[in-house]
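Architecture at a glance
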Amino acid sequence: MTADNAMPLHWPEGDVTRVPYGAYSDPELYALEQQRIFRGPVWNFLCLEVQLPNAGDYRTTFVGEMPVIVVRDENGVINAMVNRCAHKGALVCHKERGNSRSLTCIYHSWSYDLRGKLEGVAFAKGVRGKGGMPADFDPGLRELEPLRVEIFCGLVFGTFSPETEPFEAYMGDAIGGFMKRNLNRPLRLLGSHSQILHNNWKLYAENLRDSYHATLLHTFYSAFNINRLDMEGAITLSQKGWHSISHAKRATLRADKEYKAANVHATKSDSKLAGPQLLKSWEEFDDGITHSIQTIFPTAAVQFILNSLAFRFFVPRGVDKTELFWIYLGYADDTPEQTRMRVMQSNLTGAAGLVSLEDGCINEFVQRGVRGSETHSAFMEMGGRDVASSEGSRATEVAVRGFWQGYREIMGIA
């Protein structure tokens, strides 16, 4: 780390419209993020409550680079702890998911209960009166490091920091209220997968919030009138600007002249779908919103595209590599026909999605493009320079600026 724990890179003072390109490649900054953000006063997505239906069910995940176990105990409580044995530091759980009455490290057979408390040490008393742990050994001091856990709308979040405010307050009324709209009843897991992105994690955090690119890069959006900037919509930010909602109303398409003037390639397409049932949908809500991306700082999002409900979260795998996870959802009370339609529409997104395919490579283009230009800066003034909700237009980078406002605050950048 730099001298006196100084902030790596030169950051324009108080300016969220400028981000030094080195922020996507500096190893010292990446290491500092692991402490100040992922172990700092934020809520990190861990899993879905529905993924742990039974006592003893566990899943392994990550908070930043930190391996974490999430488990439902015999009392039905969901606990989370660092996946690191208190003895020698080995992983305790190696599988992605499973069910167990206890958690045992295979290295020396130290075992923990489903709350992370140490309950067994092999040969703690030695053999035939010799060896073993010292007389003053206290197993109560050797638990798995815990996280605070909160569950909101069936989503399980964890934090290492005692300073993190309760999750609902962390989200705020507008953002939390919209999450309740989307996740308003018991969920059904339809499927999941992940993909590797060859770019820094912050580039995907920006991408999720970038409503400006959505109908320029994503041909399918505009060609088939799923999401366009000439539909009514808005960007809603949380009070601090960290979290955001971008929404559009498909029925309000006006085919404005700006699209022709901008020479947007997607609007020139006269393509037809061989399987038009892909876009068959029904109105689930009475507010007219048919497309929404809701971000949760730092690394999560809820999407509702037509009737495709999904949760995304992403994990840094190094300074220039990110793993993006997709979890597709329905509601427990969906009819078989509604489930079929949600599964069909899941083809819009994901690693090979008709809409999101381009996002799998575009941020790598940025990662490659800024190499050697670490002292230059990204320029983000579309829609102005402020960090405030935008009711009039989604041709704005305000939500991206909101992410950087949160980032700079937590990282301690003036």
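What comes next concerns the included structure. Since the model is a prediction, treat every value here as computed from it, not as a measurement. All chains use their own residue numbering, which begins from 1 and follows the written sequence. Whole-chain, interface and lining totals are the exception, using all residues; otherwise, since this is a predicted model, local features are given only for residues with pLDDT of at least 70 and side-chain atom pairs are given and counted only at 80 or more. Excluded from the side-chain calculation are hydrogens and water; included are all heavy atoms of the structure.

In this section: the side chain of E358. Mapped onto the elements, E358 comes out in the loop between α8 (336-345) and α9 (359-369). Throughout, exposure labels follow a simple rule: accessible area from a 1.4 Å probe, protein chains only, divided by the maximum for the residue type, with under 20% read as buried, over 50% as exposed, and the rest as partly exposed. When charges are counted, Lys and Arg are positive and Asp and Glu negative, with His and the chain ends excluded. Whenever a carboxyl oxygen of Asp or Glu lies within 4 Å of a side-chain nitrogen of Lys or Arg, that contact is scored as a salt bridge. Although E358 is buried, it makes no salt bridge; R312 carries the closest opposite charge, 10 Å away. Here a residue-residue contact requires only that any non-hydrogen atoms of the pair lie within 4.5 Å. Apart from residues no more than four positions distant in its own chain, E358 is found in contact with L217, H218 and T219. Think of it this way: any DSSP run of H or I at least four residues long counts as a helix, any run of E at least two long counts as a strand, and we number them from the N terminus.

Formed by 87 residues in total, the largest nonpolar core has its most connected members in F45, I226, F311, L348, W404 and Y407. Leaving out residues up to four positions away in the same chain, I226 has contacts with F220, Y221, M231, R250, L279, H291, I305, L306 and L348. Of all hydrophobic cores here, the second largest spans 15 residues; its members include C85, C93, L103 and C105. Buried Ala, Val, Leu, Ile, Met, Phe, Trp, Tyr and Cys residues form a nonpolar core when they are joined through side-chain atoms within 4.5 Å.

With that settled, the discussion passes to the sheet that holds strand β7 (residues 103-104). Taken together, 3 strands build an open sheet; the order of strands is β7-β8-β9 and the sheet is antiparallel. Two strands bound the open sheet, and with one partner strand each, they are β7 and β9 (118-120). A pair of strands is treated as paired once DSSP finds two or more bridges between them. Bridge analysis of β7 against strand β8 (residues 111-112) gives 2 bridges, and the strand direction is antiparallel. Along β8, the bridge assignment pairs L103 with Y112.

As defined here, a cavity is a set of points on a 1 Å grid over the protein atoms alone where a 1.4 Å probe fits but cannot get out. A pocket is an open set with protein on both sides within 12 Å along at least five of seven lines, and residues line them when an atom is within 4 Å of a point. Grid points are joined across faces, edges and corners, and a volume is the space filled by probe spheres set on the points. If you walk through the whole model with that rule in mind, you get 3 cavities of 30 Å³ or more. Looking at the largest cavity, its volume works out to about 210 Å³. Lining the largest cavity are 20 residues, with L208, H213, A214, Y221 and I293 sitting closest to its centre. Ranked by residues supplied to the lining of the largest cavity, first place goes to helix α4 (residues 201-209) with 3 residues. Here the residues of the lining of the largest cavity are counted per class, giving 6 nonpolar, 9 polar and 5 charged. Of the voids in this model, the second largest cavity is the one considered here, and its volume is about 60 Å³. If you trace the second largest cavity, you find it lined by F38, N44, F45, F62, V63, G64, T299, F313, F314, V315 and P316. Contributing elements (two or more residues each) for the lining of the second largest cavity: β2 (44-48), β3 (57-63) and β17 (308-316). Considered class by class, the residues forming the lining of the second largest cavity number 8 nonpolar, 3 polar and no charged. Any residue that is not Ala, Val, Leu, Ile, Met, Phe, Trp, Tyr, Cys, Pro, Asp, Glu, Lys or Arg is counted as polar, Gly included; the first ten are nonpolar and the last four charged.

With respect to the secondary-structure elements, E206 resides in helix α4. If we skip the residues at most four places from it in the chain, E206 touches Y24, M380, V400 and W404.

Another aspect to go through is α8. Within the span of α8, buried status applies to T339, M341, R342 and Q345. The buried residues of α8 all sit within an arc of 160° when viewed along its axis, so they share a single face. On its buried face, α8 is in contact with β12 (187-197), β16 (300-305), β17 and β18 (322-331). The arc in question is the one spanned by the directions pointing from the helix axis to the C-beta atoms.

The next point concerns the packing of aromatic side chains. Only rings of Phe, Tyr and Trp enter the pairing, Trp through its six-membered ring, and a pair is recorded when the two centres are within 6.5 Å. The plane angle decides the type: under 30 degrees is stacked, over 60 is edge-to-face, the rest tilted. With the rule as written, the count across this model stands at 24 aromatic pairs. Ring centres 6.1 Å apart and planes at 50° place the aromatic pair W11 and W404 in the tilted group. On the criterion of sequence distance, the pair formed by W11 in the segment before β1 (18-20) and W404 in helix α10 (residues 398-411) is long-range, its members being 393 residues apart. Cation over ring: R181 sits above F285, and NZ or CZ is 3.6 Å from the ring centre. A cation over a ring is seen here: R317 above F62, with NZ or CZ 4.2 Å from the ring centre. A positively charged side chain is recorded as over a ring if its NZ (Lys) or CZ (Arg) lies within 6 Å of the ring centre. The angle to the ring normal must also be within 35 degrees.

Our focus in this paragraph is unusual backbone geometry. With an omega of 10°, the peptide bond between F297 and P298 qualifies as cis. Mapped onto the fold, P298 is located in the loop between β15 (291-296) and β16. Phi is positive for L9, close to 75°, though the residue is something other than glycine. In this structure, L9 sits in the segment before β1. What makes L9 partly exposed here is its relative accessible area of 29%. One non-glycine residue, R128, lies in the positive phi region at around 55°. Here R128 is to be found in the loop between β9 and β10 (146-152).

Every axis corresponds to a line fitted to the C-alpha atoms, with the helix fit spanning only the stretch in contact, and the corresponding angles, defined between N-to-C directions, vary from 0 to 180 degrees. Two numbers describe how α4 lies on α10: the axes approach to 7 Å, and their chain directions differ by 140°. Between α4 and α10, the angle is such that the two are oblique. Crossing geometry of α4 relative to α10 is assigned as right-handed. Contact residues: α4 offers W201, K202, A205, E206 and R209, while α10 offers A399, V400, F403, W404 and Y407. In terms of residue class, the contact of α4 with α10 is made up of 7 nonpolar, no polar and 3 charged. With respect to orientation, any angle under 35 degrees is reported as roughly parallel, any angle over 145 as roughly antiparallel, any angle of 65 to 115 as roughly perpendicular, and every other angle as oblique. In this scheme the crossing of two helices becomes right-handed for a clockwise turn of the near helix relative to the far one and left-handed for an anticlockwise turn of less than a right angle.

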